[in-house]
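So you can see what is in the structure, the chains are spelled out below.
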Amino acid sequence: MMRLLSRMFAVGKAGTAFREPGPKPLELAPLADGGNPIHALLDEIGLPWREPRGIVEARFGVSSDPFYRWEVISFDTATPIVPGLLRPLSAQTFLNLAPHLPITTFGGEVWFEDDARVNLRRTARSLGERLGPAPIGRQYNTIRCEWKAGAASIGLITWPPRWQSPALLNEAHERDPRLKTACSISIRTAFRPPLSAREQAWLDDFEPVAALGVGPRVAIGSVKNTPANEVDLEYVREPPADVAPFFDKLGHSRDRRALIFCDYQLFVIPNEDIIAFEIERLQRAKGPGGSSLYVVCRTTCPKVSSQRVRIMAGSKPDALNDIGRTIATALDRPLVIGEYEDDV
């Protein structure tokens, strides 16, 4: 991920970062039967995006990615999603991804010739035959395009070599030089577990405790249209049609059996799964300082003892102490306030 970010924000020969906003994604309408067109495409090629990760991993196995050397599940589907894939679509594996929930992120690389623009345009043309033509444009030191259907998306991106800093090195490019001009394809299914009847009852009895402070930076519509991080899927739920009662709020159910908060995602966490709350405090140093409130939760991941979910951030080291005490007391769980650390 750090390699990806460093490439995205590399500087040009003049030493200044590119500022293009990038092309807008093509927003896809629902199918005639109300289905999601991206999901329909994934079903058509046989990608197992609906099945639990543990079952998929057992069926396909885990191997080392030939380019990047991280552990992946590789999917040699009967019908490739596009021509020119350097290897089958794959999904990364991590210890903190719940085995009973589906994989939500897949990726691959496409190459036809030693020209980044050609590789992206040919890939976009192939997807456009099924989904419609998406706008292609430059953003920073990349060329990209994207299709969106609700929160689900398929994105294409390439890094033309002449736009990259010569100081950046990528070991994967040494293993296969085609990657320098390849088009990367990223698929986000945006799956979120649906609300159970018990969870819906908790939402119906929601009692707010504090504002999260996301304010005007985040529109309510973002909750519906932003895919969840896969590591959070155990605690995120598909939001109801009306998220306004929960948006930008931290609170709990009236019976105090659930923690509920909502920024880009709706989190509904049973109290029985909460181990503790934690506050990290950073003093101004190279960075501006601040604080973060986390909830520490039990997990179904067999090789991980717990997961931490960040609830909110504060601009000062002690900004969240009172809120932390209030929510920890309400749910009868410990609060750990960390020592001051320098924001380096």
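Placed above this text is the structure.
Position numbers for residues start from 1 in each chain and track the written sequence from start to end. Per-residue local features are limited, in this predicted model, to residues with pLDDT of at least 70; the limit for side-chain atom pairs, both in listing and counting, is 80 or more; totals at the level of whole chains, interfaces and linings are taken over all residues. The basis for every side-chain value is the complete set of non-hydrogen atoms in the structure, without hydrogens or water.

**Re the overall build of the chain**
Step number 1: Starting at the N terminus, helices and strands are each numbered in turn, a helix being any DSSP run of H or I of at least four residues and a strand any DSSP run of E of at least two. Scanning the chain from terminus to terminus reveals eight helices and 18 strands.
Step number 2: Values of the radius of gyration come from C-alpha atoms, whereas the globule rule sets the reference at 2.2 Å times the count of residues to the power 0.38. At 22 Å, the chain has a C-alpha radius of gyration in line with the 20 Å of a compact globule built from 344 residues.
Step number 3: Overall, the chain is about 60 × 50 × 40 Å in size when its C-alpha atoms are taken along their principal axes.
Step number 4: The buried label goes to any residue with under 20% of its type's maximum accessible area, the exposed label to any with over 50%, and the partly exposed label to all in between, with areas taken from a 1.4 Å probe on protein chains only. Here the chain holds 344 residues, and 47% of them are scored as buried.
Step number 5: In this analysis, two residues are considered to be in contact whenever any of their non-hydrogen atoms come within 4.5 Å of each other. In the chain, the proportion of contacts linking residues at least 24 apart, taken out of those at least 6 apart, comes to 66%.
Step number 6: Summed over its atoms, the accessible surface of the chain is roughly 17100 Å², and 53% of this surface lies on carbon and sulfur atoms. For every accessible area listed, the method is Shrake-Rupley and the probe measures 1.4 Å; residues are considered covered only by the protein chains on display.

**Re the sheet that holds strand E18 (residues 335–342)**
Sheet strands pair via backbone hydrogen bonds, and the direction of the pair is either parallel or antiparallel.
Step number 1: We call two strands paired when DSSP finds no fewer than two bridges between them. Strand order in the open sheet formed by four strands is E17-E16-E15-E18, and the pairing between neighbours is mixed. Looking along the sheet, the strands with just one partner apiece sit at the ends: strand E17 (307–314) and E18. With direction set aside, neighbouring strand axes in the sheet form an average angle of 20 degrees.
Step number 2: By the bridge criterion, seven bridges tie strand E16 (residues 290–297) to E17 in an arrangement that is antiparallel. Residue pairing across strands places Tyr294 opposite Arg310, the latter belonging to E17.
Step number 3: Contacting strand E15 (274–283), E16, E17 and E18, helix H8 (residues 321–330) runs over the sheet at an angle of about 160 degrees to E18. Axis lines are fitted through C-alpha atoms, for helices just across the contact stretch, and the angle between N-to-C directions can take any value from 0 to 180 degrees.

**Some remarks on the packing of aromatic side chains**
Given two aromatic rings, their pairing is described by the distance between the two centres and the angle made by the two planes.
Step number 1: Two rings belonging to Phe, Tyr or Trp (six-membered ring only in the last case) form a pair when the distance between their centres is within 6.5 Å. Interplanar angles under 30 degrees mark stacking, angles over 60 mark edge-to-face geometry, and anything in between is tilted. Summed over all chains, the structure comprises five aromatic pairs.
Step number 2: Ring geometry for Phe60 against Phe75: centres 5.0 Å apart, planes inclined by 65 degrees, an arrangement best described as edge-to-face. Separated by 15 residues along the polypeptide, Phe60 in helix H3 (residues 53–60) and Phe75 in strand E3 (residues 71–75) bring together distant segments of the chain.
Step number 3: Seen in terms of ring centroids, Phe75 and Phe106 are 5.5 Å apart; in terms of plane orientation they differ by 65 degrees. Their pairing is edge-to-face. Of this pair, Phe75 sits in strand E3 while Phe106 sits in strand E5 (residues 105–110); the two residues are 31 residues apart in sequence, bridging distant segments of the chain. Neither residue differs from the other here; Phe75 and Phe106 are each classed as buried.
Step number 4: Each residue in the set Phe60, Phe75 and Phe106 is aromatic and connected to the rest through ring pairs, giving one cluster.
Step number 5: Two limits define a charge over a ring: the Lys NZ or Arg CZ must be within 6 Å of the ring centre, and within 35 degrees of the ring normal. Over the face of the ring belonging to Phe112 we find Arg122, whose NZ or CZ atom lies 3.9 Å from the ring centre.

**Quick notes on the pairing of strand E13 (residues 258–262)**
Step number 1: With five of five residues buried, E13 lies mostly within the body of the structure.
Step number 2: Burial along E13 is two-sided: Ala258, Ile260 and Cys262 facing one way and Leu259 and Phe261 facing the other are all buried.
Step number 3: As defined by bridge partners, strand E12 (residues 249–253) adjoins E13 across four bridges and the pair is classed as antiparallel. When the bridges of E13 are listed, Lys249 appears paired with Cys262.

**A short note on the layout of surface pockets**
Step number 1: Its boundaries defined by the atoms lining it, the second largest pocket holds a volume of some 510 Å³.
Step number 2: With a 1 Å grid spanning the protein atoms alone, the term cavity applies to any set of points in which a 1.4 Å probe fits but cannot get out, the term pocket to an open set with protein on both sides within 12 Å along at least five of seven lines, and the term lining residue to any residue with an atom within 4 Å of a point. Along the walls of the second largest pocket sit 20 residues, with Val214, Asp263, Tyr264, Arg310 and Ile311 positioned nearest its centre.
Step number 3: By residue number, the principal contributor to the lining of the second largest pocket is E17, which donates six residues. Grid points are joined across faces, edges and corners, and a volume is the space filled by probe spheres set on the points.

**Considering helix H2 (residues 37–45)**
Step number 1: Listed in full, the buried residues belonging to H2 are Pro37, Ile38, His39, Leu41, Leu42 and Ile45.
Step number 2: The inward-facing, buried residues of H2 contact strand E4 (89–92), helix H4 (116–131), strand E7 (142–149), strand E8 (152–158) and strand E9 (183–188).
Step number 3: Any pair of nitrogen or oxygen atoms within 3.5 Å is treated as a polar contact; in protein, a donor-acceptor pairing is required on top of that, and neighbouring residues in sequence qualify only through side-chain atoms on both sides. For H2, the N-terminal capping position is held by Asn36, with its side-chain oxygen 2.9 Å away from the main-chain nitrogen of Ile38.

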